[in-house]
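For reference, the chains in residue letters:
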Amino acid sequence: MSDTAASLEELLARHVPADAKEREDLERMRALAASLAQPFSRAQAPAHFTASAVVVDPTGTRVVLVHHGKLKRWLQPGGHAEAVDGQKLEATALREAREETGCQVRLHPSAPRPLDVDVHGIPARKDEPGHLHLDVRYLVVGENPEALAHDPAESLGARWMGWDEALALADEAPLRRMLEKARTAVGAD
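Rules behind the numbers
Counting from 1, residues in each chain are numbered in the order their sequence is written. A pLDDT threshold of at least 70 governs which residues receive local features in this predicted model, and a stricter bar of 80 or more applies before side-chain atom pairs are shown or counted, although totals over entire chains, interfaces and linings include all residues. As a convention, hydrogens and water are excluded, and side-chain values are obtained from all of the structure's heavy atoms. Each residue's exposure class comes from its accessible area (1.4 Å probe, protein chains only) as a fraction of the maximum for that residue type: buried when under 20%, exposed when over 50%, partly exposed otherwise. Each helix is a run of DSSP H or I of at least 4 residues and each strand a run of E of at least 2, with the numbering of both proceeding from the N terminus. In this description, strands pair whenever DSSP reports at least two bridges between them. Here an axis means a line fitted to C-alpha atoms, over the contact stretch when the element is a helix, while the angle between two N-to-C directions is reported on a 0 to 180 degree scale. Angles are sorted into four bins: roughly parallel if under 35 degrees, roughly antiparallel if over 145, roughly perpendicular if 65 to 115, and oblique for all others. The handedness criterion is simple: a crossing whose near helix is rotated anticlockwise from the far helix by less than a right angle is left-handed, and one whose near helix is rotated clockwise is right-handed. Contact between two residues is taken to exist if any of their heavy atoms lie within 4.5 Å; hydrogens are not considered. Throughout, the ten residues Ala, Val, Leu, Ile, Met, Phe, Trp, Tyr, Cys and Pro are labelled nonpolar, Asp, Glu, Lys and Arg are labelled charged, and all others, Gly among them, are labelled polar. UniProt positions are given in the numbering used here, feature names are shortened, and annotations may be inferred rather than shown by experiment. Any pair of nitrogen or oxygen atoms within 3.5 Å is treated as a polar contact; in protein, a donor-acceptor pairing is required on top of that, and neighbouring residues in sequence qualify only through side-chain atoms on both sides.

- Under the annotation held in an unreviewed UniProt entry, the protein carries the name ADP-ribose pyrophosphatase YjhB, NUDIX family and is attributed to Stigmatella erecta.

### Some points on the pairing of strand S6 (residues 116-122)
Thought 1: Burial within S6 is extensive, with 5 of its 7 residues counted as buried.
Thought 2: Pairing between S6 and strand S7 (residues 131-142): 7 bridges, direction antiparallel. In the sheet register, valine 119 faces S7, and the bridge partner there is leucine 134.

### Points about the packing of helix H1 (residues 3-13) against helix H2 (residues 20-35)
Thought 1: Following both chains from N to C, one finds H1 and H2 inclined at 165°, their axes separated by 8 Å at the closest point. On the basis of their axis angle, the class for H1 and H2 is roughly antiparallel. When the axes of H1 and H2 are compared, the crossing they make is left-handed. Within the contact between the two elements, H1 uses Ala5, Leu8, Glu9, Leu12 and Ala13 and H2 uses Leu26, Met29, Arg30, Ala33 and Ala34.
Thought 2: Along the lines of polarity and charge, the residues of the contact of H1 with H2 split into 8 nonpolar, no polar and 2 charged.

### So, the pairing of S7
Thought 1: The element S7 is extensively covered by neighbouring structure, given that 12 of its 12 residues are classed as buried.
Thought 2: By the alternation rule, side chains of S7 split into His131, His133, Asp135, Arg137, Leu139 and Val141 and Leu132, Leu134, Val136, Tyr138, Val140 and Gly142, which are all buried.
Thought 3: As defined by bridge partners, strand S1 (residues 47-56) adjoins S7 across 10 bridges and the pair is classed as parallel. Across the sheet, the residue bridging to alanine 47 is leucine 132, located in S7.
Thought 4: One ladder, built from 3 bridges, connects strand S5 (residues 105-107) with S7; its direction is antiparallel. Across the sheet, arginine 106 pairs through a bridge with valine 141, a residue of S7.

### Side note on the UniProt feature "domain: Nudix hydrolase" (unreviewed entry) in the protein
Thought 1: Mapped onto the present numbering, the UniProt feature "domain: Nudix hydrolase" (unreviewed entry) falls at residues 46-183.
Thought 2: Each end of residues 46-183 is marked by a C-alpha atom, and these two atoms are 33 Å apart; helix forms 22% of the span and strand 38%.

### Remarks on the environment of aspartate 57
Thought 1: In this structure, aspartate 57 sits in the loop between S1 and strand S2 (62-68).
Thought 2: As for aspartate 57 and alanine 47, which are separated by 10 residues in sequence, their C-alpha atoms are 32 Å apart.
Thought 3: Sequence-distant contacts of aspartate 57, defined by excluding residues within four places in its chain, comprise Arg62, Val141, Gly142, Pro145 and Trp160.
Thought 4: Of note is the side chain of aspartate 57, whose polar atom sits 2.9 Å from the side chain of threonine 59.
Thought 5: A polar contact of 2.9 Å, which involves the side chain of aspartate 57, links it to the side chain of arginine 62.

What follows is the structure in structure tokens.
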């Protein structure tokens, strides 16, 4: 087993899934971590690992969602690993959160790492075949919420919102599950 596969296996081994879908996704991710030659590369045709972040304000009462430019959906910030991340999905999640919100971010001190995992399909586009994103999700704190800004190249907007509003905009079960986990972790129930 390569160092990368071993590192991914260690990360995934400590995650406790919340439901049957997440349990199935976790097992699929563990198998792919062991078999993919380049698990972080976008060029890895069938699937590759990505990371995302649930960004909360310092009080834990608000969360940021970004309106994804291509998918036209409200989602958490996240994306592909880059060389600068050093094959660390925590670093990917933090970088993506900074880029997509404009906020300085840090990992939430008491949340599980990772907070959530999800496997989801990405449809084929003219320059890219359909593939799977193996998304590892973290809870992070936006230390300067007043700095919120979106990158027009990435999204149509970014907005702080209360938990109920964010959950109302969550259009799929894995997104709602992740937001509920984050709300519980920050004690906003």
